[in-house]
Amino acid sequence: MSCNNCPDAQPHNHSHEDLEAVALLKYMIDHNKHHADELYDIANKLNGTAKELVHAAVIDYETGTGKLEKALKVLEG
């Protein structure tokens, strides 16, 4: 267990790969949110089963983006 507020806590050293992953995740999260908004707009122009399926896909997309946000928080420490 670590204590981020403890005086003797050591700063987390991020590897080059971690820093690249953080940058890419930030980009992808914003990118995904934009696409989710576009898909939501498309769904609202549809009817019936197609509308329901696209709305469901948006929810799945947002769920995946939420997992990416959690991964980002872990990497950022």
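About the cut-offs
- Residues numbered from 1 in each chain as written.
- Predicted model: local features only at pLDDT ≥ 70, side-chain atom pairs only at ≥ 80, totals over all residues.
- Heavy atoms only, no water.
- Helix = DSSP H or I, 4+ residues; strand = E, 2+ residues; numbered from the N terminus.
- Buried < 20%, exposed > 50% of the residue type's maximum accessible area, 1.4 Å probe, protein only.
- Contact = heavy atoms within 4.5 Å.
- pLDDT = per-residue confidence, 0-100.
- Salt bridge = Lys/Arg side-chain N within 4 Å of Asp/Glu carboxyl O.
- Patch = residues over 30% accessible without salt bridge, like charges linked within 9 Å, V, L, I, M, F, W, Y side chains within 5 Å.
- Areas by Shrake-Rupley, 256 points an atom, 1.4 Å probe, with all protein chains shown as cover.
- Lys, Arg positive; Asp, Glu negative; His and termini not counted.
- Charge placed at Lys NZ, Arg CZ, Asp CG, Glu CD.
- Axes fitted to C-alpha atoms, helices over the stretch in contact; angles between N-to-C directions.
- Parallel < 35°, antiparallel > 145°, perpendicular 65-115°, else oblique.
- Left-handed = near helix turned anticlockwise from the far one by under 90°.
- Nonpolar A, V, L, I, M, F, W, Y, C, P; charged D, E, K, R; others polar.

Draft legend 1. Broad picture of the overall build of the protein chain. The secondary structure content of the protein chain amounts to two helices and zero strands. For the protein chain, buried positions account for 12% of its 77 residues. The contacts in the protein chain between residues at least 6 apart in sequence include a share of 65% that link residues at least 24 apart.

Draft legend 2. Just the confidence of the model for the protein chain, in detail. Of the residues in the protein chain, 83% reach a pLDDT of 70 or more, and the chain-wide mean stands at 87. When the criterion is pLDDT under 50, residues 6–11 qualifies, and its contacts beyond four places in sequence or with other chains add up to two contacts.

Draft legend 3. Layout of the pattern of salt bridges. Enumeration over the complete set of coordinates arrives at two salt bridges. Where Lys26 meets Glu76, a salt bridge forms, and the shortest distance between an N and an O atom there is 3.4 Å. Here Lys26, found in helix H1 (residues 16–43), pairs with Glu76, found in helix H2 (residues 48–76); they are 50 residues apart in sequence, far enough to count as distant. We classify Lys26 as partly exposed; its relative accessible area is 41%.

Draft legend 4. View of a negative patch on the surface. Negative charge collects at one region of the surface, where Asp37, Glu38, Asp41 and Glu62 lie side by side. Along the chain, Glu62 falls in helix H2. Given a relative accessible area of 46%, Glu62 falls into the partly exposed group.

Draft legend 5. A look at the environment of Leu68. With respect to the helices and strands, the residue Leu68 is situated in helix H2. Apart from the residues within four sequence positions on either side, Leu68 is in contact with Leu25, Ile29 and Asn32.

Draft legend 6. Layout of the packing of H1 against H2. Look at H1 against H2: their axes get within 9 Å of each other, and the N-to-C directions meet at 160 degrees. Judged on the interaxial angle alone, H2 and H1 are roughly antiparallel. Note that H1 runs across H2; the crossing there is left-handed. The class makeup of the residues in the contact of H1 with H2 is 15 nonpolar, four polar and seven charged.

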